[in-house]
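Read off the chains here:
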Amino acid sequence: MVNWNVNRIYSLFKFLLRQNQSGSISTTDFFNAWNTEQNAYFSDLMGKWQRMNNGKSGGNTGLILNETIMTQLAPFTIAGSVAISSGQAEKPDDFIYGLARRLELDGDEFLVTKINHGQKWYVNNDVIDPPSVTDGTYYILEYENYYEVLPSSATGNLQLDYVAQPIDVLWGFTYDTQNRKVYNAGLSIQPQWNDNTIIEITKRALTNFGVSYKDKDFTNFGAKNTVTGDS
């Protein structure tokens, strides 16, 4: 099976544009079109969070809780670790959504309970399970760019499983002796999605150019690349 790297996707764009007599496409237009659709598709998968309709006690839910969608998002699911400093753990730059959190200290891991902002006062004044390094009782509150860790004297690392933002693909190139752009895999950034999702994103991007296509166009193009060895 052919892997849909960025060069094959760009070549397919040019092939279908010519087939539809729509001219050609620059690498810049390709960059903008594909990455725009990639991010739109990613947002569709993440979904909107809302209260479950099975009662007031239900948790928040969204498309991300769907197992099939979580499988599609697997390439963006990261197991990270961020240092805790002065009671805060900064989120990674590519952070989109936190899936699980644990506190790691001296080789041991401790459960971290996420609370909302209205619970902070009650937790700090709880006579049964207040934040405590001695008892290994930790809480976190989420802000835009960081987590606040309780107690504030907590040290160590916050082990963070999270969904990361997709990286923009890039068709990298060098120039040949005739000053023509030649694909360079080493300077390129490849798509992170699986092949089926790459095809879906590519279809969406092509639609913006008014390109008509059939599913067999993708299959035939992939078969052609397999035979010719084009990359």
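Going by the structure above, here's the rest.
Sequence positions are assigned chain by chain, starting from 1 and proceeding in written order. Local features in this predicted model are restricted to residues of pLDDT 70 or higher, and side-chain atom pairs are both shown and tallied only at a pLDDT of 80 or more, whereas totals for entire chains, interfaces and linings draw on every residue. As a convention, hydrogens and water are excluded, and side-chain values are obtained from all of the structure's heavy atoms.

A. Spatial organisation of the pattern of salt bridges. Take a side-chain nitrogen of Lys or Arg and a carboxyl oxygen of Asp or Glu: if they are within 4 Å of each other, that pair is a salt bridge. By the definition in use, this model includes eight salt bridges. Between Asp 161 and Arg 102 there is a salt bridge, with the nearest N and O atoms lying 3.5 Å from each other. Taken as a pair, Asp 161 in strand S9 (residues 157-164) and Arg 102 in strand S5 (residues 95-105) lie far apart in primary sequence, 59 residues in all. With relative accessibility at 21%, the residue Asp 161 sits in the partly exposed group. Taking the shortest distance from any N to any O, the salt bridge between Glu 142 and Lys 114 comes out at 2.6 Å. With Glu 142 in strand S7 (residues 138-142) and Lys 114 in strand S6 (residues 108-114), this pair connects stretches of sequence that are 28 residues apart. Relative accessibility under 20% of the residue-type maximum defines a buried residue, over 50% an exposed one, and the middle range a partly exposed one, all with a 1.4 Å probe and only protein chains included. Owing to a relative accessible area of 25%, Glu 142 belongs among the partly exposed residues under this scheme. Elements are defined by DSSP. Helices are runs of H or I of four residues or more, strands are runs of E of two residues or more, and each kind is numbered from the N terminus.

B. A look at unusual backbone geometry. At the junction of Leu 150 and Pro 151, the peptide bond is cis and its omega measures out at 0° in the coordinates. Mapped onto the elements of the fold, Pro 151 is located in the loop between strand S8 (146-150) and S9. Look at Ser 86: it is not a glycine, yet its phi comes out positive at around 55°. In this fold, Ser 86 is placed in the loop between strand S3 (77-83) and strand S4 (88-90). Phi is positive for Asn 179, which is not a glycine, with a value near 60°. For Asn 179, the position within the fold is in the loop between strand S10 (173-175) and strand S11 (181-183).

C. Up close: the nonpolar core. To qualify as a nonpolar core, a set must consist of buried Ala, Val, Leu, Ile, Met, Phe, Trp, Tyr and Cys residues joined through side-chain atoms within 4.5 Å. Core analysis: the largest hydrophobic core is formed by 31 residues, its most contacted members being Trp 4, Phe 13, Phe 30, Trp 34 and Trp 193. Elements supplying a minimum of two residues to this core: helix H1 (6-19), helix H2 (27-46), helix H5 (195-207) and helix H6 (215-228). The element that contributes the greatest number of residues to this core is H1, accounting for seven residues. Throughout, a residue-residue contact means that at least one pair of heavy atoms, one from each residue, lies within 4.5 Å. Excluding its chain neighbours within four sequence positions, the residues that come into contact with Trp 34 are Ile 9, Phe 13, Val 169, Pro 191, Trp 193, Ile 198, Ile 201, Thr 202 and Ala 205. Judged by nonpolar contacts, the second largest core, of 16 residues, contains Val 112, Tyr 138, Ile 140 and Leu 160.

D. Molecular detail of the side chain of Glu 148. Structurally, Glu 148 can be placed in strand S8. Within 3.5 Å is the distance limit for a polar contact, defined as a pair of N or O atoms, with the added protein rule that one can donate a hydrogen and the other accept it, and that residues adjacent in sequence qualify only through two side-chain atoms. A distance of 2.9 Å separates polar atoms of two side chains, one belonging to Glu 148 and the other to Lys 120. Within the structure, the side chain of Glu 148 is placed 3.4 Å from the side chain of Tyr 143, a separation counted as a polar contact.

E. Structural view of the packing of aromatic side chains. For this analysis, a ring pair means two rings from Phe, Tyr or Trp (six-membered ring only for Trp) whose centres lie within 6.5 Å, classed as stacked if their planes differ by under 30 degrees, edge-to-face if by over 60, and tilted for the remaining angles. Applying the stated criterion across every chain, the model contains 16 aromatic pairs. A ring pair is formed by Phe 13 and Phe 209, whose centres lie 6.2 Å apart and whose planes are at 85°; its orientation type is edge-to-face. Of this pair, Phe 13 sits in helix H1 while Phe 209 sits in the loop between H5 and H6, placing them 196 residues apart in sequence. Relative accessible area serves as the criterion here: at 0%, Phe 13 is assigned to the buried category. For Phe 209, a relative accessible area of 32% puts it in the partly exposed group. An aromatic cluster of at least three residues, connected via ring pairs, comprises Tyr 10, Phe 13, Phe 30, Trp 171, Phe 173, Tyr 175, Tyr 183 and Phe 209.

F. Expanded view of the pairing of S8. Counting buried residues in S8 gives four out of five residues, a clear majority hidden from the surface. Whether two strands pair depends on DSSP finding at least two bridges between them. Summarising the sheet, S4 and S8 pair through three bridges and their orientation is antiparallel. Bridging across to S8, Ala 89 finds its partner in Tyr 147. Connecting S7 to the antiparallel partner S8 that follows it, the hairpin turn spans three residues.

G. Structural context of the pairing of S9. Of all eight residues in S9, six are buried; the element is thus mostly enclosed. Where S3 and S9 come together, seven bridges link them in antiparallel fashion. Residue pairing across strands places Gly 80 opposite Leu 160, the latter belonging to S9. Sheet topology note: the S5/S9 ladder contains eight bridges and is antiparallel. Bridge pairing in S9 links Gly 98 to Tyr 162.

Everything listed is a geometric property; what it means functionally is a separate question.
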